[in-house]
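Single-letter residue listing:
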Amino acid sequence: KDFSWKSGLKTADIPDSPVRGFIDGKGIKLDYINFEVWRGSGDNVLNFGDVKPKNNCGYVESDNSFHLIHKGGEIKSGELLKASFEQNLDGFVAYYNTKLEKQISTTSMPWNCALIITGIDEKIVKGKIAVCFKDDKKSWIAGTFEAIRCHN
């Protein structure tokens, strides 16, 4: 099934097709996905970007990307649902970056999220995600993914 932006999400809304996204009304080809586990802060971060770093788990300076962070906490196997823009999910933040003529714009605004992590091991995290942002162009990311697991 095809995905479209929604103000209310359910896990059943996540498509069973490879992850793709739209930022500012433009399609983004997501070439690099990682799952970062930060030792010091304990943050867990899912990153979806259109530029591959030189090395796995490397830093990308300017890309179009989506990010889901659990500050000081784990993103675990199973389901996570933030069904509406108004709902609060303690410790979780979602945002996207856009590359605009060599400038980066980081945008944080109301968002919703349906996430299912189907597998985690030392090297790979597998799952399905849908996140919609409450912006003028109705930016979103949705689909299945396999992320490289990074220990930072």
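My aim in this report is to walk through the structure given alongside it, one point at a time. (Residues numbered from 1 in each chain as written. Predicted model: local features only at pLDDT ≥ 70, side-chain atom pairs only at ≥ 80, totals over all residues. Heavy atoms only, no water.)

1. Focus on the pattern of salt bridges
Under the criterion given, the structure shown has 4 salt bridges. Across the salt bridge formed by Arg20 and Asp2, the nearest N and O atoms sit 2.8 Å from each other. Remark: Asp2 occurs in the segment before β1 (20-23) and Arg20 occurs in strand β1; sequence separation between them is 18 residues. Note that Asp16 and Lys128 form a salt bridge whose closest N and O atoms lie 2.7 Å from each other. Taken together, the positions of Asp16 in the segment before β1 and Lys128 in strand β10 (residues 124-133) put the pair 112 residues apart, joining distant regions of the chain. (Salt bridge = Lys/Arg side-chain N within 4 Å of Asp/Glu carboxyl O. Helix = DSSP H or I, 4+ residues; strand = E, 2+ residues; numbered from the N terminus.)

2. Some words on the packing of aromatic side chains
Tallied over the full model, the rule gives 7 aromatic pairs. Centroid distance Phe48 to Phe145: 5.4 Å. Interplanar angle 90°. Geometry classified as edge-to-face. Residue Phe48 is located in strand β4 (residues 44-49), and its partner Phe145 is located in strand β11 (residues 140-151); the two are separated by 97 residues in the primary sequence. Like Phe48, the residue Phe145 is buried in the burial classification. Their ring planes at 25° and their centres at 6.2 Å tell us that Phe66 and Phe133 sit as a pair that is stacked. Here Phe66 is found in strand β5 (residues 65-70), whereas its partner Phe133 is found in strand β10, with 67 residues between them in sequence. (Phe/Tyr/Trp six-rings, centres within 6.5 Å; stacked < 30°, edge-to-face > 60°. Buried < 20%, exposed > 50% of the residue type's maximum accessible area, 1.4 Å probe, protein only.)

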